[in-house]
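A look at the structure
The primary structure of each chain is shown beneath.
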Amino acid sequence: MMWRSGTVVALHDETPTARTITLQVADWPSHVAGQHVDVRLTAPDGYSAVRSYSIASPPNAEARVELTVERLSDGEVSPYLTQELAVGDRLELRGPIGGWFVWRPWQTEPIQLIAGGSGIVPLMAMIRARTSAGSTKPFRLLYSVREPKAVFYRDELEVISNREDSVRLTYAYTRVAPKDWPRPPGRVDASVLAETTWSSKLIPTCYVCGPTSFVESTAALLVACGNRPDKIRTERFGPTGGRT
Amino acid sequence: MSSPNYDYLDGNAAAGELSKVFAVDITTAAARCAECGTTKCLAEARLYMHGPGLVARCPACEHVLLRLVNVREHMFLDVRGMTYLCLDASHSEEAS
């Protein structure tokens, strides 16, 4: 797969540490919701670093690709992407990549999305793909997030979850919850899953994305709740984001 | 939160590197572990990317399924940990 050049056409801060980068990519072959791209940065001395980022935008005919990047304080690539990159700059990318962690509009089963932190990004692409396909397929999203101000896409999620035939949205705060929130802050556990996710009897396909430890514990809880392991698709991301 | 046991990703994350070698996305192929016989999608393997290349291990027994290592202008691909890869031929024409 070849490297393509994308031009930054818009930047939008989702949170104080995360930025959405909109790229116009010539000859983009379109993508499927849930896929990712590899981004390569090359220094003047030839040193290069490659990181994988999930695509946040739905498949579209405009050859636009949106990435939402969370800044890691010890990161090599994310500080540049979230702080220095400007509209008009170019980025090298390879993709779309990965045919496993994807949702396609012809899937008819109930869909359970479970995000840990910035693991929301590929799941948002699935929600947006559902909307843009005019689909009313049954979706639920459980979004585990540190605190309210760390939520990505808040306004858009609000609108989508208030619509008829909506995506049922539940936030699970792990450190700080809004005042009067019904549940004290804490990790996603069996009771959260039982109260907010599809019953395993409906045989939903579950997409779980987040840090490896989050995905590991959530997938185990889903299996313990009676979900079939072959209906659970996971995407883990590591603290460093990969290789150089 | 981070634990030495959580230093791996999913095989899915290897799709970009593997696209340097394979014309189709092999992470969606079923891979049979040569050690324990478990057959799962390569995207479900445990992927380790800390070394000079990538290593995919069986999610059931941790046996090494695949290694792809870059050494200067050469790439070394070792797939002896898999008995076979079963690809879905009907999807091979899909844009990827």
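What counts, and at which threshold
- Residues numbered from 1 in each chain as written.
- Chains lettered and ligands numbered in written order.
- Predicted model: local features only at pLDDT ≥ 70, side-chain atom pairs only at ≥ 80, totals over all residues.
- Helix = DSSP H or I, 4+ residues; strand = E, 2+ residues; numbered from the N terminus.
- Rg over C-alpha atoms; globule rule 2.2 N^0.38 Å.
- Buried ≥ 20, exposed ≤ 12 C-beta atoms within 10 Å, placed from the backbone.
- Contact = placed C-beta atoms within 7 Å.
- Core = buried A, V, L, I, M, F, W, Y, C linked by C-beta atoms within 7 Å.
- Domains from an automatic or database assignment.
- Nonpolar A, V, L, I, M, F, W, Y, C, P; charged D, E, K, R; others polar.
- pLDDT = per-residue confidence, 0-100.
- Expected span 1.5 Å × (residues − 1).
- Pairing = 2+ DSSP bridges.

Structural notes on the overall build of chain A
The number of helices and strands found in chain A is 5 helices and 11 strands. Computed over its C-alpha atoms, the radius of gyration of chain A comes to 18 Å, within 12% of the 18 Å expected for a compact globule of 244 residues. In terms of principal-axis extent, the alpha carbons of chain A reach across some 55 × 35 × 30 Å. The proportion of buried residues among the 244 residues of chain A is 44%. Across chain A, the fraction of contacts at a sequence separation of at least 24, relative to all contacts at a separation of at least 6, is 73%.

Points about the nonpolar core
Counting 83 residues, the largest nonpolar core has Leu113(A), Leu123(A), Met126(A), Leu141(A), Tyr207(A), Leu47(B) and Ala56(B) as its most contacted members. The element contributing the most residues to this core is helix 2 (residues 120-132) of chain A, with 8 residues. Here this core gathers at least three residues from each of two domains, domain 1 (4-97) and domain 2 (111-237) of chain A.

Overview of the domain arrangement of chain A
All names here are of chain A. Segmentation of chain A into domains returns domain 1 (4-97) and domain 2 (111-237). Computed over C-alpha atoms only, the centres of domain 1 and domain 2 are separated by 24 Å. Listed by partner, the interface residues are 14 residues for domain 1 and 13 residues for domain 2. Elements represented by at least two residues in the side of domain 1 that touches domain 2 include exactly strand 1 (4-15) and strand 5 (64-70). Of the residues assigned to the side of domain 1 that touches domain 2, the class counts are 6 nonpolar, 6 polar and 2 charged.

So, the confidence of the model for chain A
Overall, the predicted model of chain A reaches an average pLDDT of 93, with 97% of residues at or above 70. Here strand 4 (residues 48-54) of chain A is the element of chain A with the lowest mean pLDDT, 92, and strand 7 (residues 111-116) of chain A is the one with the highest, 98.

Considering unusual backbone geometry
Here the amide bond leading from Gly95(A) into Pro96(A) is cis, since omega sits at 0°, within 30 degrees of zero. Take Pro96(A): it is sitting in strand 6 (residues 90-97). Although it is not a glycine, Ile203(A) sits at a positive phi angle of roughly 50°. Here Ile203(A) lies in the loop between helix 4 (190-196) and strand 10 (205-211). With a phi close to 45°, Arg72(B) is a non-glycine residue in the positive phi region. If you trace the backbone, Arg72(B) turns up in the loop between strand 6 (64-71) and strand 7 (74-78).

Regarding helix 5 (residues 212-224) of chain A
Here helix 5 of chain A is 13 residues long and its end C-alpha atoms lie 18 Å apart, about the 18 Å a rise of 1.5 Å per residue gives. All of the buried residues in helix 5 of chain A are Thr212(A), Phe214(A), Val215(A), Thr218(A), Leu221(A) and Leu222(A). Buried residues belonging to helix 5 of chain A abut strand 7, strand 8 (139-145), helix 4, strand 10 and strand 11 (232-237) of chain A together with strand 1 (9-10) of chain B. Gly226(A) sits one or two positions beyond helix 5 of chain A and adopts a positive phi of about 100°.

Some thoughts on the sheet that holds strand 4 (residues 46-48) of chain B
Residue and element names in this part refer to chain B. Strand order across the open sheet formed by 5 strands is 1-4-5-6-7, with antiparallel pairing between neighbours. At either end of the open sheet lies a strand with only one pairing partner, and these are strand 1 and strand 7. Judged from the 3 bridges that link them, strand 4 and strand 5 (residues 53-57) form a sheet pairing that is antiparallel. Looking across to strand 5, one finds that Tyr48 is bridged to Val55.

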